[in-house]
Amino acid sequence: MQLIYSTTSPYARKARMLIIEKGLVDHFEFYQVNTLQDAEFIRGVNPLGKIPALVLSDGEVLYDSPVICEFIDLLDHSTLLIPAEKQSRFEVLTNQALADGLLDAVIAIVAFKKHSGEELPRTLVEKHTKSIFRSLDAMESRITDAGEVIDLGQLAFAAAIGFIELRMPDLNWMAGRNELSNWFSRIKKRASFIQTRPVE
Ligand SMILES: N[C@@H](CCC(=O)N[C@@H](CS)C(=O)NCC(=O)O)C(=O)O
């Protein structure tokens, strides 16, 4: 099966980190695209015109990243990163939704400029920026340092913060968020984070 991705896409990074954490790299072919130059190709694979997309061996295509991650996780039941137990399962899935939603707000700001060459209207920048800070505060209160134990929610948090550091380096996301900062300083040393760093 083939994962359509770009090295800068944080949603794809989450899926790539999951593949590495689960030791499943050999099961995948990684097909790198550029969302601007390869837009037509991407639309041909995924009607939403977005990456990541996962093309299965029978030609079926999975999107978006939460669906792809669920599929990857179920490839090997021995190390589930989306736990089966109800309470922790929905904590992890909500953490993923939080990180993905934060990213939607970041991308609404940065992608507009990239595509149009213009700044997003100030009212919308303020709305999305408030959403980013609220989401970071929620991440600060929800993060639990489980040492070496990793789950999909943590991978989503890591991909989201990695993208903030890439695209909004002046945001000062660490200020007043000690739990999250300490946790991030550890997760960023993991092979899955290092091996998926964005290359521009
Ligand atoms: N909800 C989607 C979001 C995917 C997404 O927005 N991907 C961006 C790249 S980071 C993209 O493909 N953008 C291209 C476009 O919108 O034209 C997911 O979780 O997979």
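Residues numbered from 1 in each chain as written. Predicted model: local features only at pLDDT ≥ 70, side-chain atom pairs only at ≥ 80, totals over all residues. Heavy atoms only, no water.

## Description of unusual backbone geometry
The omega torsion across Ile51 and Pro52 is 5°, close enough to zero to call that bond cis. Mapped onto the elements, Pro52 comes out in the loop between helix H2 (39–45) and strand S3 (53–55). The peptide bond linking Tyr63 to Asp64 adopts the cis configuration, its omega dihedral lying at -5°. Along the chain, Asp64 falls in the loop between strand S4 (61–62) and helix H3 (65–74). Even without being glycine, Asn172 reaches a positive phi, approximately 55°. With respect to the helices and strands, the residue Asn172 is situated in the loop between helix H6 (152–167) and helix H7 (178–187). (Helix = DSSP H or I, 4+ residues; strand = E, 2+ residues; numbered from the N terminus.)

## Examining the nonpolar core
By size, the foremost hydrophobic cluster in this structure holds 49 residues, and its most contacted members are Ile132, Leu136, Ile164, Leu180 and Trp183. Residue assignment for this core shows that the elements contributing at least two residues are strand S1 (2–5), helix H1 (10–21), H3, helix H4 (86–116), helix H5 (122–142), H6 and H7. With nine residues, H6 is the single largest residue contributor to this core. Residue-level mapping places this core at the junction of two domains, with at least three residues from each of domain 1 (2–74) and domain 2 (86–190). Residue contacts for Trp183: discarding those within four places in its chain leaves Ile143, Asp145, Gln154, Phe157, Ala158 and Ile161. Core analysis: the second largest hydrophobic core is formed by seven residues, Ile4, Val33, Ile42 and Ile51 among them. (Core = buried A, V, L, I, M, F, W, Y, C linked by side-chain atoms within 4.5 Å. Buried < 20%, exposed > 50% of the residue type's maximum accessible area, 1.4 Å probe, protein only. Domains from an automatic or database assignment. Contact = heavy atoms within 4.5 Å.)

## Here's the deal with the site of the ligand
As a matter of local geometry, the ligand sits amid Ser9, Pro10, Tyr11, Thr35, Gly49, Lys50, Ile51, Pro52, Asp64, Ser65, Pro66 and Ile107. Here an oxygen atom of the ligand sits 3.3 Å away from a polar atom, N or O, in the side chain of Lys50. Contact between the ligand and Asp64: a nitrogen atom at 3.0 Å from a side-chain N or O atom of the residue. Considering the ligand on its own, with 510 Å² of exposed area, one finds that the protein chains cover 78% of that surface. Among the elements of the structure, H1 and H3 are those that each provide at least two residues to the shell around the ligand. Looking at side-chain class alone, the shell around the ligand contains six nonpolar, four polar and two charged residues. (Near = heavy atom within 4 Å. Polar contact = N/O pair within 3.5 Å; in protein donor to acceptor, adjacent residues only side chain to side chain. Areas by Shrake-Rupley, 256 points an atom, 1.4 Å probe, with all protein chains shown as cover. Nonpolar A, V, L, I, M, F, W, Y, C, P; charged D, E, K, R; others polar.)

## Some thoughts on the domain arrangement of the chain
Along its sequence, the chain is organised into domain 1 (2–74) and domain 2 (86–190). On a C-alpha basis, the centres of domain 1 and domain 2 stand 20 Å from each other. Contacts between the two partners involve 14 residues from domain 1 and, on the opposite side, 19 residues from domain 2. Carbon and sulfur atoms supply 65% of the area that domain 1 and domain 2 bury against each other, a total of about 1400 Å² over both sides. At the boundary of domain 1 and domain 2, one finds three salt bridges. A salt bridge links Asp100 to Lys14, with the nearest nitrogen and oxygen atoms 2.8 Å apart. Those elements giving two or more residues to the side of domain 1 that touches domain 2 turn out to be H1 and H3. (Buried area = accessible area lost by both parts, 1.4 Å probe. Salt bridge = Lys/Arg side-chain N within 4 Å of Asp/Glu carboxyl O.)

## Focus: the pairing of strand S2 (residues 29–32)
Sheet analysis places S1 next to S2, joined by four bridges and oriented parallel. Bridging across to S2, Leu3 finds its partner in Phe30. The β-α-β motif built from S1, the intervening H1 and the parallel element S2 has right-handed crossover chirality. (Pairing = 2+ DSSP bridges. Right-handed = clockwise from strand over helix to strand, strands pointing away.)

## With respect to H1
Here H1 spans 16 Å end to end across 12 residues, near enough to the 16 Å set by a 1.5 Å rise per residue. What H1 keeps buried is the set Pro10, Tyr11, Ala12, Arg13, Lys14, Ala15, Arg16, Met17, Leu18 and Ile19. Those residues of H1 that are buried are in contact with S1, S2, H3, H4, H6 and helix H8 (191–194). Downstream of H1 by one or two residues, Gly23 has phi in the positive range, about 70°. (Expected span 1.5 Å × (residues − 1).)

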